[in-house]
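A structural walkthrough
Residue strings, one per chain:
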Amino acid sequence: MDTIFAVIMFSVVLPLVLIAVPLIRRMLLGRFGGRVFIVPTTLPVVPPVLVGRKREISELSEKVESGSVSVLIKGQPGIGKTTLALAVAHNVAPRFPDGQLFVMLNPHLPGGTGIFEALGLFVAALQRAGDSVPDTLESRRAVYAKLTQRRRVLVVIDDVPEGADIGELAPEGENCALIITSRGAVHGIDFSAEVRLKPLAEREASEFLEGVLGSERFRTEEWGFLIRECRSEPLALAIVGSALAARPNWGIDDARQRLVKFAEERARHQTEASPYDTAYVLLTEEEKNALRSLAAIGSTEFQPWKLAAAAGTDQTEGNRLAARLAGARLLERHSSDVSGLPYCRVPEPVLEYSRLLSTLEDPQTQHRRTAQLDSAVQERRERDPARQVREDVYSQLKAGEITGALDMAKDALQIAGERGVSEAEAAAYAALSEIYTELGDMTKAEEMAVLAIRCGHPGSTARALRCQGRNARRLRQYGEAASHLDGAIRSAKEAEDFYELLRIRTEYAVMEATRGRQPAARRQLDHIREGILPAGGSQVLRARIAWARAVVDMSGGRHGDAENALLRARGVDAGPLQHAWLDQALSKNALLAGDHPASARYAQTGLTAFVAMRCRYGAAHCRFLYGTASYRQGDTKEAVFWLQEAVETFSVCGDAWVEAAASLELARAYLGLNQDQEASRLLGAAKEGFRRLGDPDGVRRVEAEEDGRPPGGARGRRRRAVQADGFSPLP
């Protein structure tokens, strides 16, 4: 029997295994080669509220699944073509495991996507990482045909201009499918199925509004009036639904009165009614002004600074207005690249409506909008992006205008990219890394630092490496931090940037102090010659040097010296951001010195400042300290409240070390409340966090706390207090 089994194994099973293993490997690495093939999925999500079209979705999905390889969805702007196409695409996506691609054609826009660009996007998505994209239309088409010939790929092409010939974009394989949206006929493809969308049926429109408003609110009033005013057009209904959902106290009479008043204004200017009138009258005055400003821009895609210029406001307010219009579904906001540079996309019906609204304004207002926009365009052409980073971005950051600094840095990056100014791009990337570091977003800070270093300019490289060193120090990755800071010193010397060299030395001193190496920290401070800074030198740098000296004193137990240094720095005009971090350091120093009331007081001051600046990371540090001080004073319930908020914030910012430290402190507070189960969960999370970071001291502190619990975790027994050695929530 054993002989027969052996014969079967070697003659049948083993050959099958030898055949199967390479096949499985090929499936894992990609179906057509040795390098990894990642299945591309670029379909946007379907809007959370789908307006009607259940029948059309079902019918088109069934047709695609039954073998219809090309579908055309036609209809007027705002009728719901894109939403329908995406709903169908997501329904049938499992049938196309080799990829689902989406592109919006807009060849009429500057830098827009035409046939050539779309083919490039498709080829880049379908081929393996590292393969180059051909630079001619013919070669791109040939590669695209080859990549789709034997695969099952779904392609969705949105907003194809009426009458365009897009045969070049049709996938080659018989197992592929193509979904097109357009206002009318499209050439170059024999479609298997076509559908022309019409306004929604009244029942579908009613179901949509009921879904948005809730059954109780919908049934208390006769909303059919609004449906008729919107002419059952999906986009108009979606905008009105969003506006009403944001105003739960408004009823049908409010909307009716506003419409009547607006109709009188239209009559005076002899303009026709629009399905979007209801949406317009539900907006605030600021939002109305922003919507009318779109006419001066005159494009379906633009950056928020254009909206700010046309509306007569600053860039930060322009971003806010864009966000509010996006919330009202009057436009979409997107990010163009890894830097997160925002741009807006306006549906064509909304843009057309803004042009109609502009006719209600007097000629002087229209002229002023155009002049403001032209002036902003000209000013942008003349702007020096490097100077914008050097002066404007950092002055905003000093003033605590973190959002403004972020917007300005992204704006400088775009200008530098448009002009191909590599040095300014590097400076903008380095500034973004510094801003994200202040915000505690370590992932974004790292991305921007890598891009800055890649540009190859020593000054920006030094700043980027300093940011990397600071974030590595926060994570207690001391070897990595030292490597980054050593590189930063070399780059700063190469760039002959004296101020940056001092910044790096302060960060190095703090890093050495944090790891308990007092002599090394002192050596770094010896490199700093604060006295040779000119009288008009950087006040921020003076405060930063004083902070570094205080941290070294603090880590050496010289808390009186540390407090004096921090208070002196607090008197320097370094701006609210640095002052807030100094308050945080004063709180930490007082906590370690055992002065818990002073620690809570300083933490509260810093928290107020950070909240005003919308710096969640700094605020979380102050909540951490305030909660810990409360716990040390015996107010355990108060401690739990503040520590919970700190842990929640740290969990999303990427600072895993301080998240683990805060979790440990929160666990102690829960143990004080006899909530053993929650404390156990937090101790486990803290231990795992410290272990992943390679911090044995942190692991030992958690284990000491675990050992301090009574056997079996019985309630009501006093736990051994564990000293929070190593407590060091440094920014």
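This text gives an overview of the structure that appears in the document. Numbers given for residues are sequential positions, taken from 1 along each chain in its written order. Per-residue local features of the predicted model are confined to residues with pLDDT of at least 70, and side-chain atom pairs are confined, for both listing and counting, to 80 or more; whole-chain, interface and lining totals are unaffected and use all residues. Side-chain figures throughout are based on the complete set of non-hydrogen atoms in the structure, without hydrogens or water.

**Some words on the pairing of strand β1 (residues 70-74)**
Each residue's exposure class comes from its accessible area (1.4 Å probe, protein chains only) as a fraction of the maximum for that residue type: buried when under 20%, exposed when over 50%, partly exposed otherwise. Only DSSP runs of H or I covering at least 4 residues are called helices, and only runs of E covering at least 2 are called strands; the numbering of each starts at the N terminus. Counting buried positions along β1 yields 5 of 5 residues, so the element is predominantly enclosed. Burial along β1 is two-sided: the residues Ser70, Leu72 and Lys74 and Val71 and Ile73 are all buried. DSSP bridges decide pairing: two strands pair if at least two such bridges lie between them. Note that β1 and strand β4 (residues 177-182) share 5 bridges and pair parallel. In the strand pairing of β4, Leu72 is matched with Ile180. The sheet contact formed by β1 and strand β5 (residues 193-196) spans 4 bridges and is parallel.

**Focus: the layout of surface pockets**
Using a grid of 1 Å spacing that covers the protein atoms alone, one calls a set of points a cavity when a 1.4 Å probe fits there but cannot get out, and a pocket when the set is open and has protein on both sides within 12 Å along at least five of seven lines; lining residues are those with an atom within 4 Å of a point. Grid points are joined across faces, edges and corners, and a volume is the space filled by probe spheres set on the points. Roughly 940 Å³ of internal volume is contained in the second largest pocket. Every residue lining the second largest pocket is counted, 34 residues in all, and those nearest its centre are Arg390, Tyr394, Arg463, Glu500 and Arg503. Counting only elements with at least two residues in the lining of the second largest pocket, the list comes to α17 (385-398), α19 (422-439), α21 (458-474), α23 (498-514), α25 (539-555) and α27 (576-593). Broken down by element, the lining of the second largest pocket gets its largest block of residues, 8 residues, from α17.

**Examining the sheet that holds β5**
Strand order in this open sheet of 5 strands is β2-β3-β4-β1-β5, and the pairing throughout is parallel. Edge positions in the sheet fall to β2 (100-104) and β5, since each of these pairs with one other strand and no more. For this sheet the average axis-to-axis angle between neighbouring strands, irrespective of direction, equals 10 degrees. Contact between two residues is taken to exist if any of their heavy atoms lie within 4.5 Å; hydrogens are not considered. In this analysis an axis means a line fitted to C-alpha atoms, helices contributing only their contacting stretch, and an angle means the value between N-to-C directions, from 0 to 180 degrees. Together, β2 and β3 (154-160) form the strand contacts of helix α4 (residues 115-126), whose direction differs from that of β2 by roughly 155 degrees.

**Focus: the state of the cysteines**
By definition, a disulfide links the sulfur atoms of two cysteines through a covalent bond. For this text, the term disulfide refers to a pair of cysteine sulfurs within 2.5 Å. For the structure shown, the criterion picks out 0 disulfides. This cysteine, Cys615, is not joined by any disulfide, and Cys622 carries the nearest cysteine sulfur, 9.1 Å off. For Cys615, a relative accessible area of 1% translates into the label buried.

**Regarding unusual backbone geometry**
Even without being glycine, Arg329 reaches a positive phi, approximately 65 degrees. Along the polypeptide, Arg329 turns up in the loop between α14 (315-327) and β7 (332-335). The backbone of Glu496 shows a phi angle near 55 degrees, a positive value even though the residue is not glycine. Take Glu496: it is sitting in the loop between α22 (478-495) and α23. What makes Glu496 exposed here is its relative accessible area of 72%.

**Focus: the pattern of salt bridges**
What makes a salt bridge here is a side-chain nitrogen of Lys or Arg within 4 Å of a carboxyl oxygen of Asp or Glu, nothing more. Applying the stated criterion to the full structure yields 43 salt bridges. Measuring nitrogen to oxygen at the nearest pair gives 2.5 Å for the salt bridge that ties Arg466 to Glu500. With Arg466 in helix α21 and Glu500 in helix α23, this pair connects stretches of sequence that are 34 residues apart. Residue classification places Arg466 among the buried positions, given a relative accessible area of 8%. Classification of Glu500 as buried rests on a relative accessible area of 0%. A salt bridge links Arg668 to Glu705; its shortest N-O distance comes to 2.8 Å.

**A few points about helix α16 (residues 363-382)**
To estimate how far a helix should extend, the number of its residues minus one is multiplied by 1.5 Å. Given a rise of 1.5 Å per residue, 20 residues ought to cover 28 Å, and the 29 Å separating the end C-alpha atoms of α16 matches this to within 8%. Among the residues making up α16, those that are buried are Thr365, Arg369, Leu373, Ala376 and Arg380. The buried residues of α16 occupy one face: seen down the axis, they fall within an arc of 75 degrees. Exposed and oriented more than 90 degrees from the buried face of α16 are Pro363, Gln364, His367, Arg381 and Glu382. Buried residues belonging to α16 abut α12 (285-297), α13 (304-311) and α18 (402-419). Under this definition, polar contacts are N or O atom pairs within 3.5 Å; protein pairs additionally need one hydrogen-donor-capable and one acceptor-capable atom, and for neighbouring residues in sequence, both atoms have to be side-chain atoms. Its side-chain oxygen 3.1 Å from the backbone nitrogen of Gln364, Asp362 forms the N-cap of α16. The arc in question is formed by the directions pointing from the helix axis toward the C-beta atoms.

**A closer look at empty space enclosed by the protein**
The tally for this structure, following the rule as stated, stands at 4 cavities of 30 Å³ or more. Roughly 90 Å³ of volume is contained in the largest cavity. Around the largest cavity sit Gln303, Pro304, Trp305, Gln315, Asn319, Leu341, Pro342, Asp407, Lys410, Asp411 and Gln414, which together line it. Of all the secondary-structure elements, those providing two or more residues to the lining of the largest cavity are α13, α14 and α18. At 4 residues, α18 tops the list of elements feeding residues into the lining of the largest cavity.

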